[in-house]
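Here are the chains, one letter per residue:
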Amino acid sequence: GVVYYARKKAKATQDHEVITEDFKRFQRSYVVIFMMLTAADWLQGPYLYALYDSYGHSKQSIGHLFILGFGTAAVCSTFVGSLADKYGRKRLCQAYCLLMILSLMTKHSSSWGILAVGRVLGGAATSILFSSFESWMVHQHLQLSYPDHWMRRTFEVVVSGTGITAMTSGLVATFFTSHFGRVAPFDLAIALAALGLLLLSRAWPENYGDAGISVIQTLENSYHSIRGDPVIMLLGISQALYEAGMYTFVIMWTPALDSTSALPVSHGWVFSTFMLCIILGGTLYKQYLAYGGSVEKLMLFTCGIGAVSLAIPVVINEHSLLLLSFFVFETSVGVFWPSASSLRSMYFPEDTRASVMATLRVPQNILIMCVLSVIGRLENWMVFSIAFVFMTCAAVAQWYFIKITTGETDVIEELGIVDENITEGKPSAAAGSASKKAMLLNNSSSVAGADLELASMGGERLSTTSHTGALGSLVATSETAAG
């Protein structure tokens with residue numbers, strides 16, 4: 001009911017701007033395929049930890065498996081974005097599909113070694129998923145000369161669709177697990193990844209960053225972009241810390257709920273409710289922008305809410321209160337994703353976008369690896385306290401980011417950061433994003449009007465059930481939703 005009301009309010013405030021059919025086709029091409037491929041990842045969510053546990057592996061051994069995944073992602077993040085910028089983002093997206101399929105196939109084995117290989121392959125795939133796909137879409141959007149503020153419509157559709165699809169994925173995973181065994185959701189994910197690979201290969205054109213320079217030079221440019229501009233650095237730090245806390249939560253919610261419940265916990269239903277909270281968060285994001293709110297300040301508030309909600313498991317060990325705090329946290333995640341994407345599109349340089357995004361994931365993955373390395377020796381509340389620290393530091397970094405972007409440049413001296421762009425007489429990311437910001441933030445009425453009636457789409461990340469067959473129906477019904 002809250003989601004429905006907020007969406008109706010957002011729609012009522014929109015300007016009746018005409019969205020071209022060409023843009024709808026482009027948006028639909030990206031959203032449907034991206035959601036299908038991320039659904040392959042979501043299907044693993046509810047039962048990955050439980051699968052490892054059913055094979056008889058200890059909490060510490062499972063922690064080591066997760067370390068391998070995040071460690072691989074950290075290593076690959078140092079160069080996968082550069083490869084995408086130079087050799088093509090579509091090619092890297094195709095590589096994601098292949099790596100994901102191979103990773104999922106290893107879940108049929110109970111051998112720790114084979115499962116470890118699967119985690120390595122999955123980590124490499126993850127480093128692509130969270131850099132190359134978004135970079136492809138942003139570049140293509142700009143290349144086709146669509147208005148800047150339409151990009152936020154796509155982010156909104158993705159976030160709302162992600163929540164609906166992930167919610168459905170949890171239910172589908174529960175159904176397949178109960179009827180066909182614990183490995184069945186992973187086999188379904190293989191089918192989705194293969195179908196996504198086929199559609200992506202046929203529908204997406206290739207695009208590049210700066211293809212004329214070497215991978216090493218791209219890495220250097222990425223490093224200088226981050227180090228030389230405090231706006232990019234602080235934005236990256238804030239988002240990396242938030243995601244580090246988020247992934248710590250992803251690992252811990254299952255054992256935390258299991259240890260506080262006298263009855264067996266339905267992980268699929270809990271996971272689906274988490275995803276419903278993400279949908280609510282995405283709707284609140286739209287509603288906030290409909291009233292002319294600032295994305296930068298919204299991100300600060302989101303980090304604060306995340307910190308408070310993860311502080312609850314540190315001091316309380318009661319099942320229902322834990323579950324409630326987890327719901328609040330997942331709602332903040334629903335606000336975080338479109339906010340983070342919008343800020344990256346405004347402040348990150350286009351020619352090295354994929355490599356900058358991937359490079360900034362390195363410290364995030366290192367932090368997660370540090371947590372995982374000690375997770376077997378710590379009580380649950382201790383691990384959540386670490387996640388709380390990550391969230392608090394993310395809020396501090398975002399606060400400094402806001403001070404810089406609002407013109408309080410004394411923060412640069414306070415932090416001891418030298419903005420090389422300013423000293424060389426070049427515009428910094430804050431200055432360079434001024435026109436984008438005017439378009440993206442001041443068009444809140446038209447932005448908020450993207451009435452994403454994704455719940456009617458009956459499938460795809462959007463409703464994972466249709467991943468098994470009704471793609472034609474999805475594409476047809478997404479005509480309305482993608483607009």
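Residues numbered from 1 in each chain as written. Predicted model: local features only at pLDDT ≥ 70, side-chain atom pairs only at ≥ 80, totals over all residues. Heavy atoms only, no water.

Trainee: Please explain the overall build of the chain as it appears in this structure.
Mentor: Per the secondary structure count, the chain includes 23 helices and zero strands. Nonlocal contacts in the chain, meaning residues at least 24 apart in sequence, comprise 86% of its contacts between residues at least 6 apart. Summing over all exposed atoms, the chain offers an accessible surface of approximately 17800 Å²; the carbon and sulfur share of this is 65%. (Helix = DSSP H or I, 4+ residues; strand = E, 2+ residues; numbered from the N terminus. Contact = heavy atoms within 4.5 Å. Areas by Shrake-Rupley, 256 points an atom, 1.4 Å probe, with all protein chains shown as cover.)

Trainee: In this structure, what is going on with helix α7 (residues 112-129)? I would like to understand it.
Mentor: Residue pairs three or four apart in sequence face the same way in an α-helix, which turns once every 3.6 residues. Over its 18 residues, α7 runs 25 Å from end to end, which matches the ideal 26 Å to within 8%, given 1.5 Å per residue. Buried within α7 are the following residues: L115, A116, G118, R119, L121, G122, G123, A124, A125, S127, I128 and L129. Considering only its buried residues, α7 is in contact with α2 (21-42), α3 (48-54), α4 (59-77), α5 (80-87), α6 (89-105) and α8 (132-143). (Expected span 1.5 Å × (residues − 1). Buried < 20%, exposed > 50% of the residue type's maximum accessible area, 1.4 Å probe, protein only.)

Trainee: Help me out: how do you make sense of the environment of L83 in this one?
Mentor: Here L83 is to be found in helix α5. Linking L83 and S132, residues 49 residues apart in sequence, is a C-alpha distance of 9.5 Å.

Trainee: Whenever I open this one, the pattern of salt bridges confuses me. Can you help?
Mentor: Opposite charge on two side chains permits pairing when their charged atoms draw close. Going through the model one piece at a time under the given rule, you end up with four salt bridges. Measuring nitrogen to oxygen at the nearest pair gives 3.7 Å for the salt bridge that ties D22 to R25. Placement of the pair is D22 and R25 together in helix α2, with a separation of three residues, close to one helical turn. Residue R25 is classed as partly exposed on the basis of its relative accessible area, which comes to 47%. (Salt bridge = Lys/Arg side-chain N within 4 Å of Asp/Glu carboxyl O.)

Trainee: Can you help me understand the packing of aromatic side chains in this one?
Mentor: Scanning all chains against the criterion turns up 30 aromatic pairs. Aromatic pair Y30 and W204: ring centres 5.9 Å apart, planes at 25°, arrangement stacked. Separated by 174 residues along the polypeptide, Y30 in helix α2 and W204 in the loop between α10 (184-203) and α11 (215-228) bring together distant segments of the chain. Across the pair, W204 and Y30 agree in class, each one buried. (Phe/Tyr/Trp six-rings, centres within 6.5 Å; stacked < 30°, edge-to-face > 60°.)

Trainee: It is not clear to me how the packing of helix α14 (residues 295-315) against helix α15 (residues 319-347) should be interpreted in this structure. Could you clarify?
Mentor: Two packed helices can be described by the angle between their axes and the distance between those axes. Between α14 and α15, the least distance of the axes is 8 Å, while the angle of their chain directions is 155°. As judged from the angle between their axes, α14 and α15 are roughly antiparallel. Crossing hand, α14 versus α15: left-handed. A per-class count over the contact of α14 with α15 returns 18 nonpolar, seven polar and one charged. (Axes fitted to C-alpha atoms, helices over the stretch in contact; angles between N-to-C directions. Parallel < 35°, antiparallel > 145°, perpendicular 65-115°, else oblique. Left-handed = near helix turned anticlockwise from the far one by under 90°. Nonpolar A, V, L, I, M, F, W, Y, C, P; charged D, E, K, R; others polar.)

Trainee: What am I meant to see in the side chain of E330 here?
Mentor: Looking at where E330 falls in the secondary structure, it is placed in helix α15. Excluding its chain neighbours within four sequence positions, the residues that come into contact with E330 are F249, F274, M275, C277 and I278.

Trainee: Hey, could you run me through the side chain of S103 in this one?
Mentor: The topology assignment puts S103 in helix α6. Dropping the residues within four chain positions of it, S103 is found in contact with G118, L121 and G122.

Trainee: Please clarify how the nonpolar core should be interpreted in this entry.
Mentor: Most often, soluble globular proteins keep nonpolar side chains buried together rather than apart. Counting 125 residues, the largest nonpolar core has Y30, F66, Y96, F133 and Y242 as the members making the most contacts within it. The leading source of residues in this core is helix α12 (residues 230-260), at 16 residues. Aside from chain neighbours lying at most four places away, what touches Y30 is F133, E134, W136, M137, T154, V158 and W204. (Core = buried A, V, L, I, M, F, W, Y, C linked by side-chain atoms within 4.5 Å.)

Trainee: Mind showing me how you'd approach the packing of α5 against α6 here?
Mentor: The geometry of α5 relative to α6 is characterised by a closest axis approach of 6 Å and an angle of 130° between their N-to-C directions. On the basis of their axis angle, the class for α5 and α6 is oblique. Each of V80, L83, A84, D85 and Y87 in α5 lies in contact with α6, whose residues at this interface are R89, R91 and L92.

Trainee: Is there a simple way to think about α14 in this case?
Mentor: If you check α14, its first and last C-alpha atoms are 31 Å apart, about what 21 residues at 1.5 Å a residue would give, namely 30 Å. Within α14 the residues assigned to the buried category are V295, E296, L298, M299, T302, C303, G306, A307, S309, L310 and P313.

Trainee: Is there a simple way to think about the state of the cysteines in this case?
Mentor: Simply put, the disulfide is a covalent bond whose two ends are the sulfur atoms of two cysteines. This model, assessed by the stated rule, comprises zero disulfides. C97 provides the cysteine sulfur closest to C93, a residue in no disulfide bond, and the two sulfurs are 7.6 Å apart. For C97, a relative accessible area of 0% puts it in the buried group. (Disulfide = S-S within 2.5 Å.)

Trainee: When you look at the confidence of the model for the chain in this model, what are you seeing that I'm missing?
Mentor: Close inspection of predicted coordinates is inappropriate in any region flagged by low pLDDT. Residue-level pLDDT values for the chain average 78, and 78% of them are 70 or greater. Of all secondary-structure elements in the chain, the lowest mean pLDDT belongs to helix α23 (residues 471-482), at 31, while α14 reaches the highest, 95. This model gives residues 2-6 a pLDDT under 50, and the stretch forms six contacts once residues within four places in sequence are excluded. (pLDDT = per-residue confidence, 0-100.)

Trainee: For this particular structure, what's the right way to read the environment of Q27?
Mentor: As for its position among the elements, Q27 is in helix α2. Overall, the relative accessible area of 1% leaves Q27 in the buried class. For Q27 and T154, which are 127 residues apart along the polypeptide, the C-alpha to C-alpha distance reads 6.4 Å.

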